[in-house]
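So you can see what is in the structure, the chains are spelled out below.
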Amino acid sequence: MSPSSRAADKGRFASWNGTARLEASSGDRRRHRLSRAGNRRINRVLHVMAIVQVRHDTPGRAYCQRRLADGKTSMEAMRCLKRRLSDVVYRRMVADAVRTAAGPGGHSGAASDSSAADLNPMVSTSEQSLPEPARL
């Protein structure tokens, strides 16, 4: 399944997985929150990824700290990090779809019997290693 069948772009993917921001403004205060809709399993995975990023010395932690320094609350900073991780996952899905569409060995136009598919494509059964020592 290609990412384009799931979502046309990273914004639609974020909407599908529940990390797209929703406006939750009141009066003069403009703010956003995470959607409770979307695929809850993937949203949970992104949440765990964000928690791990924040607990360790990672680029995600530095990103969260920058958001906090910009005046965001801890929940808003976590929402921003989850959306950023959603974008990372989407880019990986697109790259994997392109690589998979390329064919065996990652080369476009490679056939299954080409050298790109196996390091030694002409291995016969007599040249393969035995599962146990040979008996004489």
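Just so it is clear, the structure is predicted and the values come from calculations on it, not from any experiment.

Enquirer: Let's hear about helix α3 (residues 40–55): which residues, and what values?
Expert: When the terminal C-alpha atoms of α3 are compared, their 22 Å separation across 16 residues agrees well with the 22 Å that a helix rising 1.5 Å per residue should span. Of all the positions in α3, only Asn43, Leu46 and Ala50 are classed as buried. Buried positions in α3, seen along its axis, are confined to an arc of 60° and lie on one side of it. Among the exposed residues of α3, those oriented more than 90 degrees off its buried face are Arg41, Arg44 and Arg55. One side-chain oxygen at the N-terminal end of α3 lies 3.1 Å from the backbone nitrogen of Arg41; it belongs to Asn39.

Enquirer: Lay out the packing of α3 against helix α4 (residues 59–69) with the relevant residues and their values.
Expert: Where α3 contacts α4, the two axes come as close as 6 Å, and the packing angle between them is 85°. Here α3 lies roughly perpendicular to α4, going by the angle between them. Residue-level contacts link Gln53, Val54 and Arg55 of α3 to Pro59, Gly60, Arg61 and Cys64 of α4. Of the residues assigned to the contact of α3 with α4, the class counts are 3 nonpolar, 2 polar and 2 charged.

Enquirer: Give me the lowdown on the packing of aromatic side chains, citing residues and values where you can.
Expert: In total, this model carries 2 aromatic pairs according to the counting rule given. With 5.8 Å between their ring centres and 35° between their planes, Phe13 and Trp16 make a pair best called tilted. Remark: Trp16 and Phe13 occur in helix α2 (residues 10–17); sequence separation between them is 3 residues, near one turn of the helix. Residue classification places Trp16 among the partly exposed positions, given a relative accessible area of 25%. With a centroid separation of 5.6 Å and 40° between ring planes, the pair formed by Phe13 and Tyr90 is classed as tilted. Within this pair, whereas Phe13 is found in helix α2, its partner Tyr90 is found in helix α5 (residues 74–102), the two being separated by 77 residues in sequence. As far as burial versus exposure is concerned, Phe13 and Tyr90 are alike and both buried.

What counts and how
- Residues numbered from 1 in each chain as written.
- Predicted model: local features only at pLDDT ≥ 70, side-chain atom pairs only at ≥ 80, totals over all residues.
- Heavy atoms only, no water.
- Helix = DSSP H or I, 4+ residues; strand = E, 2+ residues; numbered from the N terminus.
- Expected span 1.5 Å × (residues − 1).
- Buried < 20%, exposed > 50% of the residue type's maximum accessible area, 1.4 Å probe, protein only.
- Arc of directions from axis to C-beta.
- Polar contact = N/O pair within 3.5 Å; in protein donor to acceptor, adjacent residues only side chain to side chain.
- Axes fitted to C-alpha atoms, helices over the stretch in contact; angles between N-to-C directions.
- Parallel < 35°, antiparallel > 145°, perpendicular 65-115°, else oblique.
- Contact = heavy atoms within 4.5 Å.
- Nonpolar A, V, L, I, M, F, W, Y, C, P; charged D, E, K, R; others polar.
- Phe/Tyr/Trp six-rings, centres within 6.5 Å; stacked < 30°, edge-to-face > 60°.

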